[in-house]
Every structure is written in structure tokens, then in C-alpha cells.
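# Residue-level structure breakdown
Next come the chains, spelled out residue by residue.
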Amino acid sequence: MGKKLLNDLQSLVSDGVISMETAQRIESYYAKREKEGPNLLVIIFSVLGALLIGLGIILILAHNWDQLSRAQKTIIAFMPLLAGQVVSGYALLKKNDSVPWREASATFLVLSIGACIGLISQIYHIESSMGGFLFIWSLVSIPVVYVMRSSMASLLYLFGVTWYGVEVGYFNPDRTVIYQYWILLFLAIPYYISLIRRQPGANGTLFHHVLIPLSVVIC
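Residues numbered from 1 in each chain as written. Predicted model: local features only at pLDDT ≥ 70, side-chain atom pairs only at ≥ 80, totals over all residues. Heavy atoms only, no water.

Per the secondary structure count, the protein chain includes 9 helices and 0 strands. When the helices and strands of the protein chain are listed from N to C terminus, the series reads α-α-α-α-α-α-α-α-α. Long-range contacts, defined here as pairs at least 24 residues apart, represent 68% of the contacts in the protein chain between residues at least 6 apart. Summed over all atoms, the accessible surface of the protein chain reaches about 13100 Å², with 68% contributed by carbon and sulfur. (Helix = DSSP H or I, 4+ residues; strand = E, 2+ residues; numbered from the N terminus. Contact = heavy atoms within 4.5 Å. Areas by Shrake-Rupley, 256 points an atom, 1.4 Å probe, with all protein chains shown as cover.)

What follows is the structure in C-alpha cells.
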């Protein structure tokens, strides 16, 4: 429940507008709504908006990429990442109670991390396998899951981890690093447990119930 609503309820009780019992019932009502999860449609459109913005930026850059200098390319590579950090910081400081804000900003930040890593590798011709790219991307993205408390960021992380496991286990087998898949998967488990405790019936929790066992079965 938002701090503003709590303050308003306290003011209404102190002014004698409503009774303490009524205020407690209102608090219980909103607490129950939060446990059941936010409006799924709002979250879906917020996440889709973040995805479309990110893809639009990538298309604009790709169209003019060959005409830019290396310095310009480097600056542009970090711009989405900085923008994602600014928006995420704003969501945490000003919109912390808004799930759509946190989900959309976290989604954009996770995607911008991957874009930045890929662009820097391409600009400076840093040789790396797809497995190496996915490992670094996943490792750098996991803090976003916990800081932003984002189910979508966690699902993207789990998808990336699964892709990494498939890459080093099937497409380009490397038994010396396959154990890293289990380390990456383990890093997401505390957040998964917290979801079960806080929002057992939420859509994000249900998707985790499916994706985590599926990832283990595949890998």
C-alpha cells in the first residue's frame, strides 16, 4: 500500500471522519489486492512499451551504424544503458510503489545491458562465443532483478540462463563450464522464494513455476 494512502487514512481517523475499525478494513482490502498481484494488462503494456522503445532505438542505430566513428559508436553503445539506469533510478525513488514502472524500467535496463555488451564487443572486435556473451549478460543483469524487484527481469534472466545452458551443453558442448549454468540458476532462487512468499498467486510467480522446472529439464 502506498505511503500517501496510509497518511490519508491516519488523517481521516484523527479528524474523526472514519473510525479506526474502518481504516483497518481499508488497509486489509488494499493489502489483499497487492498480494493478489497488480493489473496484468497494465504490466503487459508497460513491458511491451519498453521492448518497443528498445527495439526502435536499435533499428535507428543499425541504419546509420557504418557512417559513425568508433568514438561515436562507443558513446551510443552506452547511451541506452545510462538511460535505463536513469529511468530505473526514477522508478525506485519516485515510483517505488508502481509495479508497471518497475517492471518496464527493469525490462529496458536488462535489454540495454545486453545491447551495450554486444555493441562494445563488435566495435572493438572482442572475440567471444555466444555462451560467453550470455554468461556475462546474465551475471551483470542479476542485480537488476533484486534491486528493482522485477518479475519480468527475472524471467528474462532465466530465459538467458537457459539459453546459456543449451549453448554450452548442446550447440557448442563445453563440459568445463556447464557447471556455471547451475550457479547462474541458483542466483535466481532467492528471488523466486520471495515471490512465493509475497505473491503466491500472482502471474509472475506462476510463470516462474513453469520456467524454472522447464529450464532444469532442458539443461
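Turning our eyes to something else, we now look at helix H4 (residues 70–94). Taking 1.5 Å of rise per residue, the 25 residues of H4 would be expected to cover 36 Å, and the 36 Å separating its terminal C-alpha atoms lies within 8% of that figure. At Met-79, H4 shows its maximal kink, close to 25°; a proline, Pro-80, follows between one and four residues later. Taken residue by residue, H4 has Lys-73, Thr-74, Ile-76, Ala-77, Pro-80, Leu-81, Gly-84, Ser-88 and Ala-91 as its buried positions. (Expected span 1.5 Å × (residues − 1). Bend = angle between axes of the 7 residues up to and from the residue. Buried < 20%, exposed > 50% of the residue type's maximum accessible area, 1.4 Å probe, protein only.)

Taking 1.5 Å of rise per residue, 20 residues should cover 28 Å, and helix H8 (residues 179–198) covers 30 Å from first to last C-alpha, within 8% of that figure. The sharpest bend along H8 reaches about 30° and sits at Ile-189, with the proline Pro-190 one to four residues further on. Looking at H8, one finds that the buried residues are Gln-180, Tyr-181, Leu-184, Leu-185, Ala-188, Tyr-191, Tyr-192 and Leu-195. The secondary structure elements touched by the buried residues of H8 are helix H6 (130–148), helix H7 (151–171) and helix H9 (203–218).

Taken together, the side chains of Ile-136, Leu-139, Val-140, Tyr-179, Trp-182, Ile-183, Phe-186, Leu-187 and Val-216 present a nonpolar region at the surface, about 830 Å² in accessible area. For the nonpolar patch, the secondary-structure elements that each account for two or more residues are H6 and H8. Residue contributions to the nonpolar patch peak at 5 residues, all from H8. For Leu-139, the position within the fold is in helix H6. (Patch = residues over 30% accessible without salt bridge, like charges linked within 9 Å, V, L, I, M, F, W, Y side chains within 5 Å. Salt bridge = Lys/Arg side-chain N within 4 Å of Asp/Glu carboxyl O.)

We now examine the nonpolar core. If you look at the biggest cluster of nonpolar residues, it comprises 38 residues, and the most contacted ones within it are Ile-113, Trp-137, Val-144, Tyr-157, Leu-158 and Tyr-164. For this core, the elements supplying multiple residues, two or more each, are H4, helix H5 (99–123), H6, H7, H8 and H9. Per element, the largest residue contribution to this core is 8 residues, and it comes from H5. Setting aside its immediate chain neighbours within four residues, Val-144 contacts Ala-106, Leu-109, Val-110, Ile-113, Arg-149 and Ala-153. (Core = buried A, V, L, I, M, F, W, Y, C linked by side-chain atoms within 4.5 Å.)

So, on to the side chain of Thr-162. Summarising the element assignment, Thr-162 is placed in helix H7. By relative accessible area, Thr-162 is classed as buried at 9%. Within the structure, the side chain of Thr-162 is placed 2.7 Å from the side chain of Ser-215, a separation counted as a polar contact. In contact with Thr-162, not counting residues within four places along its chain, are Tyr-181, Ser-215, Ile-218 and Cys-219. (Polar contact = N/O pair within 3.5 Å; in protein donor to acceptor, adjacent residues only side chain to side chain.)

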